[in-house]
Amino acid sequence: MMLFSIIVPVYKVEDYIEKCVHSLTSQTFKDIEIILVDDGSPDNCPAKCDELAGRDSRIRVIHKENGGLSDARNAGLQVAQGEYVMFVDSDDYIAEDSCANFAQYAVKGYDVLVGEALVEGGECPLKHIECSDVMSGQEYLKKAVSAGKAPMAAWLNVIRREFLIENDIAFKCGILHEDEQFTPRMLIKAKSVVLTGAVFYHYMIREGSITTKKDKRKNATDFYSTCLELEEIYKSIEDIELKTALLDSLSEKYLSLFESGRLYKYGKQYLSKDFLKRNSYRKKTKMKAKLILFSPRIYHLVKVACKKLGI
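Residues numbered from 1 in each chain as written. Predicted model: local features only at pLDDT ≥ 70, side-chain atom pairs only at ≥ 80, totals over all residues. Heavy atoms only, no water.

Engineer: Sorry if this is basic, but what is going on with the pairing of strand S3 (residues 59–64) here?
Structural biologist: Consecutive residues of a regular strand have side chains that alternate between opposite faces of the sheet. The sheet contact formed by strand S2 (residues 32–39) and S3 spans six bridges and is parallel. Within S3, the position partnered with Ile34 by the bridge is Ile59. One crossover worth recording links S2 to the parallel S3 by way of helix H2 (residues 45–55), and it is right-handed. (Pairing = 2+ DSSP bridges. Helix = DSSP H or I, 4+ residues; strand = E, 2+ residues; numbered from the N terminus. Right-handed = clockwise from strand over helix to strand, strands pointing away.)

Next comes the structure, spelled out in structure tokens:
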């Protein structure tokens, strides 16, 4: 059994896929398999995947009907054979010593190995807390969420495959913000999480991607559904401090999406009054919730003014 399975969903990225795969085949640590999941891509990606597989025996290709990012990742998980799984988006790439850096932790059998990313093409808060201790997932979440440094991108985590199988953890299909739904569920179950500090992932922000599209009404609908699911999970957590921190973080993220998507333009139909009221715990979050419930447009103008003033 190889140590790492690297799962790469592929869809309409023919200009980026070769760079991505080159970063994987060039790993200094060789005990890996690379699973390219062609998610019914309508361009030249299926042929490129087959061509790349012909160059390196460690590459396996799955061709499937289009089902979205979550479905493609799950398809990769079903055939993965490595002790640990990594997720790399096909328009991103990783440093050539990534697997070598993670291998020293993987041999100790931790459930989750957390790495860091470099963001190219824009700004994105992806910084974790600094901690060398091995923690449970809940211990990590308490520290990270309280510090405001808990990025949920699935590709920042290298995860023990048997841990995912034992806890029946997979990606929910058919939604946007799938990482926000997957990662906290995974971390809550993890018994051992280590923050490696390894800067390995190169995250590319490009025009036309899901994260940069202007109309975010579906994002809001899907994320609200995810918030309701996570709310029920968080409410069952026994640690009161962790529970309230996670619930408050849902309100903060919901407010952030409402603002970044400028959803005030569509009236109050994307704003849940009851959700914000019952999940806003910190004084700052409560003030934001009260203002946006009073007037989404005024809330937007205040946020714009604060940004200009650097507040």
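Engineer: Explain helix H3 (residues 69–79) to me, please; I cannot follow it from the model alone.
Structural biologist: One turn of an α-helix holds 3.6 residues; hence residues three or four places apart share an orientation. All of the buried residues along H3 are Ser70, Ala72, Arg73, Asn74, Ala75, Gly76 and Leu77. In this structure, the buried side of H3 is in contact with strand S1 (4–10), S2, S3, strand S4 (84–87), helix H6 (161–166) and helix H7 (178–189). (Buried < 20%, exposed > 50% of the residue type's maximum accessible area, 1.4 Å probe, protein only. Contact = heavy atoms within 4.5 Å.)

Engineer: How should I be thinking about unusual backbone geometry in this particular structure?
Structural biologist: When glycine is set aside, most residues are seen to have a negative phi, and most peptide bonds are trans. Positive phi outside glycine occurs at Lys12, with the angle close to 50 degrees. Looking at the secondary structure, you find Lys12 in the loop between S1 and helix H1 (17–25). You will see that His177, though not glycine, has its phi angle at about 60 degrees, which is positive. Relative to the helices and strands, His177 is located in the loop between H6 and H7. With relative accessibility at 26%, the residue His177 sits in the partly exposed group.

Engineer: How should I be thinking about the packing of aromatic side chains in this particular structure?
Structural biologist: Centre distance and the angle of the planes are the two values used to describe a pair of aromatic rings. One pass over the structure, following the stated rule, counts twelve aromatic pairs. One aromatic cluster in this structure is built from Phe102, Trp155, Phe200, Tyr201 and Tyr203. (Phe/Tyr/Trp six-rings, centres within 6.5 Å; stacked < 30°, edge-to-face > 60°.)

Engineer: For this particular structure, what's the right way to read the environment of Leu301?
Structural biologist: Its location among the elements puts Leu301 in helix H12 (residues 296–309). Relative accessible area serves as the criterion here: at 54%, Leu301 is assigned to the exposed category. Expressed as a C-alpha distance, the spacing of Leu301 and His128, which sit 173 residues apart in the sequence, is 30 Å.

Engineer: What am I meant to see in the pairing of strand S9 (residues 193–204) here?
Structural biologist: Burial analysis of S9 places nine of its twelve residues in the buried class, which makes it a mostly covered element. Of the strand pairs in this sheet, strand S6 (residues 112–120) and S9 are connected by eight bridges, and their pairing is parallel. Of the residues in S9, the one forming a bridge with Leu113 is Val194. As judged from the two bridges shared by strand S7 (residues 134–135) and S9, these two strands associate in the antiparallel manner. Bridge pairing in S9 places Val134 opposite Val194.

Engineer: How do you make sense of the nonpolar core when you look at a structure like this?
Structural biologist: Nonpolar side chains tend to gather and get buried jointly when the protein is soluble and globular. Residues Tyr140, Leu164, Met186 and Leu276 are the most contacted members of the largest nonpolar core, which totals 58 residues. A total of nine residues in this core trace back to one element, the largest contributor, which is helix H9 (residues 240–260). The contact partners of Leu164, leaving out residues within four places of it in the chain, are Leu77, Val85, Ile159, Ile169, Phe182 and Met186. (Core = buried A, V, L, I, M, F, W, Y, C linked by side-chain atoms within 4.5 Å.)

Engineer: Just checking my understanding: could you explain the packing of helix H5 (residues 137–147) against H9 for this structure?
Structural biologist: Helices that pack against each other are described as a pair by the angle of their axes relative to one another and the distance between those axes. Relative orientation of the contacting elements H5 and H9 amounts to 50 degrees, with a least axis distance of 9 Å. As summarised for this structure, H5 and H9 are arranged oblique, according to the angle between their axes. The two elements H5 and H9 cross, and the hand of that crossing is left-handed. For the pair formed by H5 and H9, the contact residues are Gln138, Leu141, Lys142, Val145 and Ser146 on the first element and Glu241, Leu242, Ala245, Leu246 and Ser249 on the second. Its residues placed into classes, the contact of H5 with H9 shows five nonpolar, three polar and two charged. (Axes fitted to C-alpha atoms, helices over the stretch in contact; angles between N-to-C directions. Parallel < 35°, antiparallel > 145°, perpendicular 65-115°, else oblique. Left-handed = near helix turned anticlockwise from the far one by under 90°. Nonpolar A, V, L, I, M, F, W, Y, C, P; charged D, E, K, R; others polar.)

Engineer: What is the right way to read the side chain of Ser192 from this model?
Structural biologist: With respect to the secondary-structure elements, Ser192 resides in the loop between H7 and S9. Among the residues examined, Ser192 registers a relative accessible area of 13% and is labelled buried. In this structure the side chain of Ser192 is engaged in a polar contact, spanning 2.9 Å, whose partner is the backbone nitrogen of Asp111. The contact partners of Ser192, leaving out residues within four places of it in the chain, are Gly109, Tyr110, Asp111, Val112, Val134, Met135 and Ser136. (Polar contact = N/O pair within 3.5 Å; in protein donor to acceptor, adjacent residues only side chain to side chain.)

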